[in-house]
Amino acid sequence: MNISKNLDENTKKLKQELVSDDITFLDIKLNNTNGILVFINDLVNKDTLGELILRPIAFCKETPSENALFEMFLSPEKKQIFEIEKLIDDLLLGNAILLCDGISFGLSFGLKHFEKRAITEPPTSTVIKGPREGFVESLSVNISMMRRKLKSKKLIFENLTIGEYSGTPISICYIKGIARKSLVEQVKKRLNKIEIDAVLDSSYISKFLSEHKFSLFKQIGNTEKPDILAGKILEGRVAIFVDGSPIALTVPYLLIEDFQSASDYYNSSYSATVARYIRVISVAIALLLPALFVSAELFHLQLIPLSFLLTIVNSIKGIPLSPSYEMFFTLLIFEILNEASVRMPKYVGMVVSIVGGLVLGETAVNAGIISAPTLMIVALSGICLYTVPELEQTFSVLRIVFLIVAGTLGAYGILIFIALLAIYLISFESYSTPLCAPFSPLILKDMKDGIYKGFLQEFEYRPESLKNKNKRRIKIKD
């Protein structure tokens, strides 16, 4: 509905739509012209409102024309709006709006002001070397942090709003000329299709961006650090910011990303390579060790060295549970302790995780409910699982599936399941990008940033797996 030149009519429409007590309708006068200033009390900077809006109104000596009205205010964020609905949307974002009698448009002033968290190091991405700043819940602050990292006119932000009731601002970020146009259009198309009551965090958006709805594996990357995000979009990815969330999303996503760490790029290539191999080996231990142990106990005792077999036999003597149930029971205890330590207050959670684990574990072994080797294997598996924290939830489920297969079919079942899992991952694509690149398909040029971490001079070209047109990123002069 268009804004009328009749102030009373416009005011009546606004008051019918905006009935909350925290919305202020302030009557004003511009010389002989009546007007009304509308704003939400706790979202507007009152000092700026008085200085940039109310002061020019107070010193207005003549009835302003439409052009003069727009020019008389010094606010750097001002715009004309001709529809009531858009005026209300701007108001709910925290802007102040001005309507005058005889003027067929409203003025919107960007005077948003609200408390926000200070920029700190994110708890999920701590580093010894490198930048320590992390994203916060304010979209404008996050955009400014990216602007500080990448001072380029080709860094593009495209804004939209999602959520019928939340009206959450979303920003798509990419570098023009590096990110594929088809990728950008695909992301925008998916976002524009979202119809939801509210978007309270970026995780809501990631569910809609995922192409395979029921897949166990991640399809959308995420990060809380501006330096990591800058590196990703420089490779050709598209980022999505959500107001109210400190986590930025990235597409397309490669499985190898979560085996990489921010510190890898600030330390020597040798230490980074060793660290990545350790992460891969740790994940293999976390997934397979409990299953292989149960399989060996049930079906393949001949594969266990004699001395170790005697130790196992002595430890399981009198244990009432079968190897499978024993392992499941121990895993259940571990998961309960983990969940309790996360949910409890910090000063209690640490005590629960350490003391609870020691007391319960030792008591269970002494009581003859579980064996010492089983407890040690579950503890080692749990520790190894957290070397790749971003994939912890996925690997926790896979570990249980491996355990079920091992208790049912033994080592043959484990090998079959590994083969099926490999086939699934190899054939998995998201946003026209293979999940397992650069290993499947094998892209030799991209192997310099796979498990092996190459030297900076080797990163002359962007990853071919992301299918960028602008391939070169380093020009080495002779």
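Residues numbered from 1 in each chain as written. Predicted model: local features only at pLDDT ≥ 70, side-chain atom pairs only at ≥ 80, totals over all residues. Heavy atoms only, no water.

Participant: Honestly, the overall build of the protein in this entry has me stumped. Any pointers?
Facilitator: Regarding its fold elements, the protein presents 14 helices and 12 strands. Taken over C-alpha atoms, the radius of gyration comes to 29 Å for the protein, far larger than the 23 Å a tight globule of 478 residues would show. Referenced to the eigenvectors of the C-alpha coordinate spread, the extents of the protein come out at roughly 100 × 65 × 35 Å. For the protein, buried positions account for 45% of its 478 residues. In the structure as shown, the protein presents an accessible area of about 25300 Å², 61% of it carried by carbon and sulfur atoms. Each charge class in the protein can be summarised by its mean position, and for the 52 positive and 50 negative side chains these summaries are 8 Å apart. (Helix = DSSP H or I, 4+ residues; strand = E, 2+ residues; numbered from the N terminus. Rg over C-alpha atoms; globule rule 2.2 N^0.38 Å. Buried < 20%, exposed > 50% of the residue type's maximum accessible area, 1.4 Å probe, protein only. Areas by Shrake-Rupley, 256 points an atom, 1.4 Å probe, with all protein chains shown as cover. Lys, Arg positive; Asp, Glu negative; His and termini not counted. Charge placed at Lys NZ, Arg CZ, Asp CG, Glu CD.)

Participant: Would you take a moment to explain the nonpolar core for this structure?
Facilitator: In terms of nonpolar packing, the biggest core is built from 27 residues, with Phe259, Leu391, Phe395, Leu398, Phe402 and Leu435 touching the most fellow members. Those elements that provide at least two residues to this core are α9 (269-298), α13 (372-385) and α14 (392-426). Per-element accounting of this core gives the leading share, nine residues, to α14. Not counting residues up to four positions away in its chain, the partners in contact with phenylalanine 395 are Phe259, Val283, Leu287 and Leu385. Residues Leu160, Ala179, Ile220 and Val238 belong to the second largest nonpolar core, which totals 21 residues. (Core = buried A, V, L, I, M, F, W, Y, C linked by side-chain atoms within 4.5 Å. Contact = heavy atoms within 4.5 Å.)

Participant: For this particular structure, what's the right way to read the sheet that holds strand β4 (residues 96-100)?
Facilitator: Within a sheet, each strand pairs with its neighbour through backbone hydrogen bonds, oriented either parallel or antiparallel. Pairing in this open sheet of five strands is antiparallel, and the strands run β1-β2-β4-β5-β3 from one edge to the other. At either margin of the open sheet sits one strand with a lone partner, and together these are β1 (23-30) and β3 (78-81). Along the sheet, successive strands turn relative to each other by an average axial angle of 25°, direction set aside. Relative to strand β5 (residues 106-109), β3 runs antiparallel, the two sharing four bridges. Residue lysine 79 lies in a different strand from β5, and its bridge partner there is serine 108. (Pairing = 2+ DSSP bridges. Axes fitted to C-alpha atoms, helices over the stretch in contact; angles between N-to-C directions.)

Participant: Any chance you could explain the sheet that holds strand β10 (residues 248-251) here in plain terms?
Facilitator: Read across the sheet, five strands follow the order β6-β7-β9-β10-β8 without closing on themselves; strand pairing throughout is antiparallel. Two strands in the sheet have a free side with no partner beyond their single neighbour: β6 (155-162) and β8 (221-223). Strand after strand, the sheet turns through a mean of 25° between neighbouring axes, direction not considered. Where strand β7 (residues 168-175) and strand β9 (residues 238-242) come together, four bridges link them in antiparallel fashion. For cysteine 173, the partnering residue across the bridge sits in β9 and is alanine 239. Packed on one face of the sheet, helix α6 (residues 181-192) meets β6, β7, β9 and β10 and runs near 170° to β7.

Participant: What exactly am I supposed to notice about a nonpolar patch on the surface here?
Facilitator: On the surface, a cluster of nonpolar side chains totalling about 360 Å² of accessible area is made up of Leu321, Tyr325, Phe329 and Ile369. You can see isoleucine 369 is positioned in the loop between α12 (346-366) and α13. Given the relative accessible area of 34%, isoleucine 369 is considered partly exposed. (Patch = residues over 30% accessible without salt bridge, like charges linked within 9 Å, V, L, I, M, F, W, Y side chains within 5 Å. Salt bridge = Lys/Arg side-chain N within 4 Å of Asp/Glu carboxyl O.)

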